[in-house]
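Residue-level structure breakdown
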Amino acid sequence: MQTHLLGYPRIGSNRELKKACEHYWADKISLNQLLETGKTISLQNWKLQQEAGIDLIPCNDFSYYDQVLDMTLTVGAIPERYQEIASNESHSELNLYFAMARGYQKNGLDITAMEMTKWFDTNYHYIVPEFQKNQQFRLFSDKIISEFIRAKEAGMNAKPVIIGLLTYLLLGKEKENGFDKMDLAQNLLPVYLEILRKLEAYGAEYVQFDEPFLALDLNEKTKETYQWVYGEIRKQFPNLKFIVTTYFEGLKDNLSLAVSLPADVLHIDLVRCPEQLDEVLQAIPGTLSLSLGIVDGRNIWKNDFEKSLALIKKAIHEIGPERVLIAPSCSLLHSPFDLDLEKNEAILSPEIKQWMAFAKQKVDEIAVLKKLASGNPDYHTLQLLAENKKALENRKVSALIHNQDVKNRVGAITDGDARRKNSFAVRKEVQQKVLQLPLFPTTTIGSFPQTREVRNWRAQFKKGELTAAHYNELLKKETERTIRWQEEIGIDVLVHGEFERNDMVEYFGEQLDGFVFTQNGWVQSYGSRCVKPPVIYGDVHRPHPMTVYWSQYAQSLTQKWVKGMLTGPVTILQWSFVRDDQPRSLTCKQIALAIRDEVKDLEKAGIRIIQIDEPAIREGLPLRKSEWQNYLKWAVEAFRISASGVEDSTQVHTHMCYSEFNDIIKDIADMDADVITIECSRSQMELLNAFADFKYPNEIGPGVYDIHSPRVPSKEEMLELLKKAQAVIPAQQLWVNPDCGLKTRHWEETEKALIAMVEASREASAVF
Ligand code: GLN
Ligand code: ZN
């Protein structure tokens, strides 16, 4: 029995890589200093695994920005617009690489970055490969080979990790019409063969191909291409050992394909899909070994040793220990670095901490599981098993986690709780009487610029350099200024500006029971950017109102309506580490009840318009289409539970950032928000078509101002967008607003843009 890892986090235990990259980009350190930092981190990672007793140690899982971009550079799929940099001798390979990742604006050149998108259903973003019809490939960067050599020289039993050929193609985008990227496999294969030839020559024994797409819906052509590609690879390399990895889903209908590939090891995700083990053991041919992904690479909880041992023993029983490997479910890229760094007991209490494991601890778990499974574990290992059992027992019954009132309340939710008192048609009339809004009403999405000043106040307050009272006064002034300014330029529905919030999830998590935060639980999001997701460890409960103070204060300043501003249950769930001891849907319901209470309290406080943001609802969609309905059912229901406690006269808004709505428009309509604001301006209102085709009955605010850019749109441009909107959606249904919150913008551009936006709305109601 062997142990291995699919990959390890590379940002460094104290985010050293983040800092080094950013310093390099700012010309504060040299290329060599950056490279040294990278080498040090990967060496530390290898050593840590080696010392823990891991058998096969991944290399080339390290990356300065993104592993998909690494592959793009490796196979020379460099888009035309970077040719000038690529062919200029004075640029290092890494400069070209960063130009592709981040764009390049220097020395008279102005080249846009490559697109970025989410890595499957994680919060990690990869750089999307770009393919042309006659895309050529060649071995451009030898990073894989040099990393392997370095790992070997460091005394590692190194296993190079490569994104599988099919997965690489499937991750990419066809940049012109008239071809199918699957056909590029022919051109790409020789480069893969060349890489393998080199690796073999330098003494590689194992090579890992990441093929997560094998666990997703595949068409026939792709399945055939899988067969062909791996058949060709095997023909040329009868002696290399290939590990094909799948993760984030079960193999399901691709099982026979996966086990028929001429690989040596197949890795499956038994955290996401433990039920697939039996089927896989049944189907697996005698030539194939099985890597069991049993330690959760996507969450921060301790592994349940007894449960894992049962799975390992089952596999050993069926196929023998020589053919079993033990591993985390996926790369530990998605786990924070090291729990030992969480030393502040006031932030993370020892009781909760003992239930958790970060990447470093997960490596140890794998090693211990191997010892436990191979029979005759020593005294120390048995002690670890006992400790594990005790920690899990403690967690199961902990009073910190379980709140019977919350459980009872969730159990008592009725269909009626998820339904407004009357239909939208009825509500619309009541609301119009109360709210008296004009045609094309204007509003914003919630946040106003978080200036350096505002962020400094918060930092000082947290450090104790500002008293709570003083901090509060400063925020009040900023809020008042913002309210006055919105009144002055004539916005119809005002917002308070969200100056008191650091982040739209963290702000609520900090006030809800059942959430805990870490000091150093960073996970790479993209490039040098990291996020520190809150941890939901227990039953979620709202001990006190969270936003009423600010909304009420803002409303007291003005005769106009101020919109209350909340984050929705699905988004709070989606952007946190969640409990693994109950279904996500149940946790989501608990959060929904907390938000519902907040909505009601806002209403009681005289807030007539309340927005519940759900930007993450679409990204929460399962990877397999067959699971969509189940997810959408509980996600939409959770939103409705949060929104439905109020009178007909209270207007509920929701907001979503850039999404394709076509395939889920029915479910969006089911959310039954009185008003939905969406990001739309970059698509030139194209995203609205889904709503138009569906004859979406409620009100819609398609964004007319692209807030991701410092550019100020003109009144004419926005009027043009409104015209387009009005051509497909009746004017009575339309709102006028930016694409998203303004917190990353500067006041100067925000002011100009919103003034023009208000003018555009006035003109629209006069003209249309
Ligand atoms: N209300 C939030 C804001 O304006 C919404 C942010 C979001 O959709 N991502 O900042
Ligand atoms: Zn948004």
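All of these numbers come straight from a predicted model, not from anything done at the bench. (Residues numbered from 1 in each chain as written. Chains lettered and ligands numbered in written order. Predicted model: local features only at pLDDT ≥ 70, side-chain atom pairs only at ≥ 80, totals over all residues.)

**Points about the overall build of the chain**
Put simply, the rule is: Going along the chain from the N terminus, every DSSP run of H or I of four or more residues is numbered as a helix, and every run of E of two or more is numbered as a strand. Every radius of gyration here is taken over C-alpha atoms, with the globule rule written as 2.2 Å times N^0.38, N being the number of residues. To sort residues by burial, count the other C-beta atoms lying within 10 Å of each one's C-beta; a count of 20 or more means buried, 12 or fewer means exposed, and anything in between means partly exposed. C-beta atoms are built from the backbone. For the purpose of contact definition, each residue receives a C-beta atom placed from its backbone, and two residues are in contact when these atoms lie within 7 Å.
Secondary structure assignment for the chain yields 28 helices and 24 strands. Expected size for 768 residues packed as a compact globule is a radius of gyration near 27 Å; at 27 Å, the chain falls within 12% of this value. Along the three orthogonal principal directions, the C-alpha set of the chain runs to about 75 × 60 × 55 Å. Among the 768 residues that make up the chain, the fraction classed as buried is 48%. Relative to all contacts within the chain whose residues are 6 or more apart in sequence, the contacts with residues 24 or more apart total 78%.

**Overview of helix 8 (residues 185–201)**
What counts is decided by this rule: Expected span of a helix, by definition, is 1.5 Å for each gap between consecutive residues, and there is one gap fewer than residues. In this description, one arc is meant: the one made by directions from the helix axis to the C-beta atoms.
The end-to-end C-alpha distance of helix 8 is 24 Å, a good match for the 24 Å that 17 residues give at a rise of 1.5 Å each. Here helix 8 has its buried residues at L188, Y192, I195, L196 and L199. What you see down the axis of helix 8 is that its buried residues fit within an arc of 100°, all on one side. In this structure, helix 8 carries Q186 and A201 as exposed residues pointing more than 90 degrees from its buried face. Along its buried surface, helix 8 packs onto helix 6 (143–153), strand 8 (158–163), helix 7 (165–171), strand 10 (206–210) and helix 9 (220–236).

**Examining the packing of helix 12 (residues 305–319) against helix 14 (residues 359–373)**
Between two packed helices, what matters for the description is the angle formed by their axes and the separation of those axes. Operational definition: All axes here are fitted lines through C-alpha atoms, helices being fitted over the stretch that makes contact, and every angle between N-to-C directions spans 0 to 180 degrees. To sort the angles, those under 35 degrees are grouped as roughly parallel, those over 145 as roughly antiparallel, those from 65 to 115 as roughly perpendicular, and the leftovers as oblique. By convention, the crossing between two helices is left-handed when the near helix turns anticlockwise from the far helix through less than a right angle, and right-handed when the turn is clockwise. Each residue is assigned to one class: nonpolar for Ala, Val, Leu, Ile, Met, Phe, Trp, Tyr, Cys and Pro, charged for Asp, Glu, Lys and Arg, and polar for all the others, Gly among them.
It is the contact of helix 12 with helix 14, at a shortest axis distance of 10 Å, that shows an interaxial angle of 55°. Looking at the two axes, helix 12 sits oblique to helix 14. Crossing hand, helix 12 versus helix 14: right-handed. Where helix 12 approaches helix 14, its residues F305, S308, L309, I312, K313 and I316 are matched on the opposing element by L369, L372 and A373. For the contact of helix 12 with helix 14, the residue count by class is seven nonpolar, one polar and one charged.

**Examining the sheet that holds strand 1 (residues 2–3)**
Rule in force here: Here, any two strands with at least 2 DSSP bridges between them count as paired.
An order of 1-14-13-12-11-10-8-2 is seen for the eight strands of this open sheet, with the pairing classed as parallel. In the strand order of this sheet, the two ends are held by strand 1 and strand 2 (57–59), each with one partner. Here strand 11 (residues 241–245) runs beside strand 12 (residues 265–269); their pairing, made up of three bridges, is parallel. Its bridge partner lying in strand 12, V244 is registered against L266. Against the sheet, helix 12 touches strand 13 (289–295) and strand 14 (324–328), its axis set at about 175° to strand 13.

**Some thoughts on the UniProt feature "active site" (unreviewed entry) in the chain**
Convention followed: UniProt positions are given in the numbering used here, feature names are shortened, and annotations may be inferred rather than shown by experiment.
Mapped onto the present numbering, the UniProt feature "active site" (unreviewed entry) falls at H708. Topologically, H708 is positioned in the loop between strand 24 (699–702) and helix 27 (715–728).

**A closer look at the environment of N187**
Note that N187 resides in helix 8. With 16 C-beta atoms counted inside 10 Å, the residue N187 sits in the partly exposed group. C-alpha of N187 to C-alpha of R138: the two residues are 49 residues apart in sequence and 8.9 Å apart in space.

**A look at the sheet that holds strand 21 (residues 609–613)**
Backbone hydrogen bonds are what pair the strands of a sheet, in a parallel or an antiparallel way. Within the open sheet, the six strands sit side by side as 15-20-21-22-23-24. Their pairing is parallel. The sheet terminates laterally at strand 15 (493–494) and strand 24, the two strands that pair on one side only. Here strand 21 runs beside strand 22 (residues 651–656); their pairing, made up of five bridges, is parallel. Opposite I612, over in strand 22, you have T654 as the bridge partner.

**Description of the pairing of strand 8**
Most of strand 8 is tucked away: six of the six residues are buried. Because side chains alternate across strand 8, one face comprises the buried residues A158, P160 and I162, and the other comprises K159, V161 and I163, equally buried. Across three bridges, strand 2 lies against strand 8 in parallel orientation. Its bridge partner lying in strand 8, I57 is registered against A158. Where strand 8 lies against strand 10, three bridges are found, and the strand directions are parallel. Within strand 10, the residue paired with I162 across the bridge is F209.

**Quick look at the pairing of strand 11**
Defined as follows: A right-handed crossover is one whose linking path, passing over the helix from the first strand to the second, runs clockwise when the strands point away from the viewer.
Taking burial as the measure, the five residues of strand 11 include four buried ones, the bulk of the element. Viewed along the sheet, the connection from strand 10 through helix 9 into strand 11 turns out right-handed.

**Some details on the environment of F661**
On the secondary structure map, F661 appears in the loop between strand 22 and helix 25 (665–670). According to the C-beta neighbour criterion, F661 is buried, with 21 such atoms within 10 Å. With 78 residues separating them in the primary sequence, F661 and D739 have C-alpha atoms 15 Å apart. With near-sequence residues (within four places) excluded, F661 lies in contact with I668, L687, A690 and F691.

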